[in-house]
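# Topology and contacts: notes
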Amino acid sequence: METVPALFLTGLMVGYFVLAGCDIGLGMLLPHLARTPAERRRLVAAAAPYFLGTEVWLVGAVGVVAGLFPALKAALVADLWPVLTALLAGWLLRDAGLWFRSRVAAPAWHRTWEAAITAGSWVLAGAWGLVVGGLLAGGSPASPFALACAVCVTALFALRGAAFGAERLVPPEAEPVTVPGPPAAGGGALLVAARAGTAVDSAEAADAAGRATRVLARAALAAGGVAAAAALITGAAPDRPVAALAAAAVLGAVLAATAGLSGPRLSRHTSALAIAVPPLVVAAAVALPVEPVPGGTLALVGYALAPVVPLMVLGQVWLYRMLRRPAPTAGFFA
Amino acid sequence: MFDDPLLLARLQFSFTAATHYLFVAFTLGLAPFILFGQLGAVLRRDPARLRAVRFWGGLYVVNYGMGVLSGLVMELQLAVNWSGLSEAFGYAFGAPLAVETMVAFFLESTFLGLWIFGWDRMNRWAHLACFAVVAATAYASAYWVLVANGFLRSPVGFEMRGGTAVVTDATALLANPAAVLAFAHVVAGTLMVGAVVVAAVSAYHLARGADPDRMFIRALRASGLVLALALMPTAATGGLQFGAAADAPPTSGLTLTAAEIAAVEDAYDGGAAAAIGAAGEMVMVLSWTLMSLLALALLLAWVPKAPGPLRWALWPVVLTPVLPYAASVGGWVYRETERQPWAVVHHLTTADAMTDLGPVAAGVSFSLFTAAFAVLAGTTWWLLVRYARRGPDGGPLAPAPPPESDARPPAVPVA
């Protein structure tokens, strides 16, 4: 029995990339999107509530790997020890920045922890890129193919953050104007806010994020192209090339749409699809050392987990519904 | 000394675990105060009591942040630096940790997010229910982690098949006395941590003559009662573990023969670790004794009209949180050094449990995370003391200022 827990693990990783991509990517783009103290505060307040509910997906995935797939864990640690250590350091730095930034009202304090958020987010995204690249390359992340994959994944994180920012960085003053619009229109909020006139200036960060989606999608597309070329030239194909090709085609199509055709308008959905590809392609195209889980362990985890799954779903849905509005200007993280 | 990767990895883990536990202990100990405080406020529809919940809740959230950060580092460090544990015992030792990440932490963090952002935005019963989930999952988290820790100390409920431990008796694993007794000890001990910190913060404000809405005398009385009630259970659940530690685990001999086990234990000379462990035990017992005196003193707060003119007598109470924290670290140092030279008693030595790291890699990892921890833990404590001294008007969960104002609420010293 390894199919069900392997699918569960894949689901946790996809959930992590799609959801945590929002707050990690927003942290990466902090210096670019938020130029004034008020904008930076709004950006942190937009990322900070999310990360409490998104990083738990990764913690759950680490738990599943450690408890149900020890052979996979041993292989990951052996191949990627330096990358995982960097990932952990980046994670720590980013989270410390989010927790501490709003605790003291002093510009130097804010700058310090904003720098920690940005640096930590880049390290986190880059380390995920190296993990994905290394796994697709069959072990070491030090190859042209793996490095190109890493750049592509890093750009996908930034793209996800930009798409999220286009929606969340709209100032609350503009909120009543957006109410009649369809709630799913990602870029709609900023368009309406821009037309509203009064909020034009303060919606600048959201507009910048909307514009950045196109640039970042192009960057990710280019890096993906380089990775494909490197795979062809060096022959560094993943274990199951057909699955990898299919995933690359999906990624290419989605990114092309974001880069040219639809732009920021649908980027909330296209960026989510795009960033779901890296964990899916690793799961589908790489022959990871996934061994059958012994029945006793599976039963223990299954029986403990099953009763709380509805509560996990309820908590996540409730949290995102509460946060599906422009970031507040006051509160614990603002 | 610092070119020995094993020593570095052990020191790194002990620093991480000790730091993590300091924050976890306060989380566990404070959660019931907040839960029952909020329940009382909701039942009475009392805004004054709700202000007190905001104050203690602010401390809870700041403290929780560092608990999570250190917990993440601990989980990843276990995976990265101690891979020998998962090679043979991953399915048995890792399973309760896997359950902990999803059944406890996943829910705890999500619902704490809801609780933080639900202030002024949520139905009061729904808001209370969010914290009830947070408190329940905090304790569930402690239980599952102690199932994993208890397994190291007294490995039960598995068979060795092809060099891998396979869980055959989940009930034995979950009801392992080494886990259940430790959980009871942690529940009682962390209540003492929470009670003493609540008492110290309340004493600080009462000694200065500040008691808005009578929130601090209420907290002082409650904490004295909780401390007095938790004293004996802490000692009893701790004392019961002394006897259990001496026995060989029921699975002894499944991995190594009796002769091999004897050879490992004969070659181990205790050394510094044994001395440090003995010191930990002494600190724990001494702190408990002093806290039993403190409990008696705090019960005087139930005298009507206390503290009255004797409020200056509360100043020494402000310094007492050092006692439960010292006892907590001392107790853990004692428990974990006592197990040496084993990582899994009679199955796997600590040396064999470690990932094959070179001295450079171990040194980099050690310096990086120890330095980061010193900064983060120091910052968190500084913030906690700062918020505790500010009182209910300056806390991080205090009601928001008007939306137009760009300024943070001012740091109002409590008059």
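I will try to describe carefully the structure that is included in this document.

Analysis parameters
Sequence positions are assigned chain by chain, starting from 1 and proceeding in written order. Chain letters and ligand numbers both follow the written order, the letters beginning at A and the numbers at 1. Only residues with pLDDT of at least 70 get local features here, since the model is predicted, and only at 80 or more are side-chain atom pairs given and counted; chain-wide, interface and lining totals rely on the full set of residues. With hydrogens and water excluded, all non-hydrogen atoms of the structure serve as input to the side-chain values. Note that a disulfide, as used here, is simply two cysteine sulfur atoms within 2.5 Å. Relative accessible area decides the class of each residue, using a 1.4 Å probe on protein chains only: under 20% of the type maximum gives buried, over 50% gives exposed, and in between gives partly exposed. For the purposes of this entry, the term helix denotes a DSSP run of H or I that reaches at least four residues, the term strand denotes a run of E that reaches at least two, and both are numbered from the N terminus. Ring pairs shown here join Phe, Tyr and Trp side chains whose ring centres sit within 6.5 Å, with only the six-membered ring taken for Trp; geometry is labelled stacked below 30 degrees between planes, edge-to-face above 60, and tilted in between. Contact definition: two residues touch when any of their heavy atoms are within 4.5 Å. By convention, the term buried area covers the 1.4 Å-probe accessible surface removed from two parts as they join, with the contributions of both added. A side-chain nitrogen of Lys or Arg and a carboxyl oxygen of Asp or Glu constitute a salt bridge if their distance falls within 4 Å. Within 3.5 Å is the distance limit for a polar contact, defined as a pair of N or O atoms, with the added protein rule that one can donate a hydrogen and the other accept it, and that residues adjacent in sequence qualify only through two side-chain atoms. Any residue with an atom within 4 Å of a point lines the site, the site being either a cavity, points on a 1 Å grid over the protein atoms alone where a 1.4 Å probe fits but cannot get out, or a pocket, an open set with protein on both sides within 12 Å along at least 5 of 7 lines. Grid points are joined across faces, edges and corners, and a volume is the space filled by probe spheres set on the points. Each residue is assigned to one class: nonpolar for Ala, Val, Leu, Ile, Met, Phe, Trp, Tyr, Cys and Pro, charged for Asp, Glu, Lys and Arg, and polar for all the others, Gly among them. Residues grouped as a nonpolar core are buried Ala, Val, Leu, Ile, Met, Phe, Trp, Tyr and Cys residues, joined through side-chain atoms within 4.5 Å. A helix's residues, less one, multiplied by 1.5 Å, set its expected span.

### Focus on the state of the cysteines
All names here are of chain A. The full count for this structure, using the stated rule, is zero disulfides over all chains. No disulfide involves Cys 152; its sulfur sits 7.1 Å from that of Cys 149, the nearest cysteine. Looking at Cys 152, the relative accessible area reads 5%, which means it is buried.

### Focus on the side chain of Thr 118 of chain A
With respect to the secondary-structure elements, Thr 118 of chain A resides in helix α5 (residues 107-136). Judged by relative accessible area, which is 11%, Thr 118 of chain A ranks as buried.

### Re the packing of aromatic side chains
Evaluated as defined, the whole model comprises 27 aromatic pairs over all chains. When the ring of Trp 99 of chain A is compared with that of Tyr 64 of chain B, the centres are 6.4 Å apart and the planes differ by 65 degrees; the resulting orientation is edge-to-face. Here the residue Trp 99 of chain A occupies a position in helix α4 (residues 70-100), and Tyr 64 of chain B occupies one in helix α2 (residues 47-81), the pair thus bridging two chains. Under the relative-accessibility criterion, Tyr 64 of chain B is labelled buried at 3%. Pairing Tyr 60 of chain B with Phe 131 of chain B gives two aromatic rings, centres 5.3 Å apart and planes at 65 degrees, and the pair type is edge-to-face. Here Tyr 60 of chain B is found in helix α2, whereas its partner Phe 131 of chain B is found in helix α4 (residues 124-153), with 71 residues between them in sequence. You can call Tyr 60 of chain B buried: its relative accessible area is 1%. Given a relative accessible area of 0%, Phe 131 of chain B falls into the buried group. Pairwise contacts between aromatic rings join Tyr 16, Phe 17, Trp 128 and Phe 157 of chain A into one cluster.

### Re the interface of chain A and chain B
At the junction of the two partners, chain A supplies 63 residues and chain B supplies 68 residues. With both chains or domains summed, chain A and chain B bury close to 5,800 Å², and 79% of this area falls on carbon and sulfur atoms. Considering only the surface of chain A that becomes buried against chain B, Trp 81, Leu 92 and Leu 300 of chain A emerge as the three largest contributors, covering 12% of it. Applying the counting criterion to the chain A and chain B interface returns zero salt bridges. Counting across the chain A and chain B interface gives five residue pairs in polar contact (both at pLDDT 80 or more). Secondary-structure elements contributing two or more residues to the side of chain A that touches chain B are α1 (3-28), α3 (37-68), α4, α5, α12 (295-305) and α13 (309-323) of chain A.

### A closer look at empty space enclosed by the protein
Taken as a whole and assessed by the stated rule, the structure comprises four cavities of 30 Å³ or more. Approximately 60 Å³ is the volume attributed to the largest cavity. Lining of the largest cavity is provided by Trp 81, Thr 85 and Leu 88 of chain A together with Gln 12, Leu 76, Gln 77, Val 80, Asn 81, Ser 365 and Phe 369 of chain B. When contributions to the lining of the largest cavity are tallied by element, the ones reaching two or more residues are α4 of chain A together with α2 and α12 (359-390) of chain B. Taken together, the residues of the lining of the largest cavity break down into five nonpolar, five polar and no charged. Put simply, the second largest cavity is a space of about 50 Å³. In this structure, the second largest cavity is lined by Trp 99, Phe 100, Arg 103 and Phe 332 of chain A together with Val 62, Gly 65, Met 66, Thr 380 and Leu 383 of chain B.

### Focus on the nonpolar core
Counting residues in each nonpolar core, the largest one holds 239 residues, and the members touching the most others are Tyr 16, Trp 99 and Trp 128 of chain A together with Trp 56 and Trp 115 of chain B. Dropping the residues within four chain positions of it, Trp 115 of chain B is found in contact with Ile 34, Gln 38, Val 53, Gly 57, Val 61, His 127, Cys 130, Phe 131 and Leu 397 of chain B.

### Points about α5 of chain A
The end-to-end C-alpha separation of α5 of chain A is 43 Å, in line with the 44 Å expected for 30 residues at 1.5 Å each. Directly after α5 of chain A, the chain includes Gly 138 of chain A, whose backbone phi takes a positive value near 90 degrees.

### Remarks on the pattern of salt bridges
Pairs may arise between side chains of opposite charge once their charged atoms sit close together. Considering all chains together, one arrives at 13 salt bridges over all chains under this definition. Here Asp 46 of chain B makes a salt bridge to Arg 49 of chain B, at a shortest N to O gap of 3.0 Å. Asp 213 of chain B is paired through a salt bridge with Arg 51 of chain B; the nearest N and O atoms lie 3.1 Å apart. One end of the pair, Asp 213 of chain B, is in the loop between α6 (177-207) and α7 (215-246); the other, Arg 51 of chain B, is in helix α2, with 162 residues separating them in the sequence. Beyond isolated ion pairs, a larger network of salt bridges with shared partners links Asp 23, Glu 55, Arg 94 and Asp 95 of chain A.

### Points about the layout of surface pockets
Put simply, the second largest pocket is a space of about 710 Å³. Around the second largest pocket, the lining is made up of 32 residues, and of these Leu 9, Met 13, Val 65, Leu 72 and Leu 76 of chain A lie nearest the centre. Elements with a contribution of two residues or more to the lining of the second largest pocket: α1, α3, α4, α5 and α11 (267-285) of chain A together with α2 of chain B. For the lining of the second largest pocket, the class distribution of residues is 29 nonpolar, one polar and two charged.

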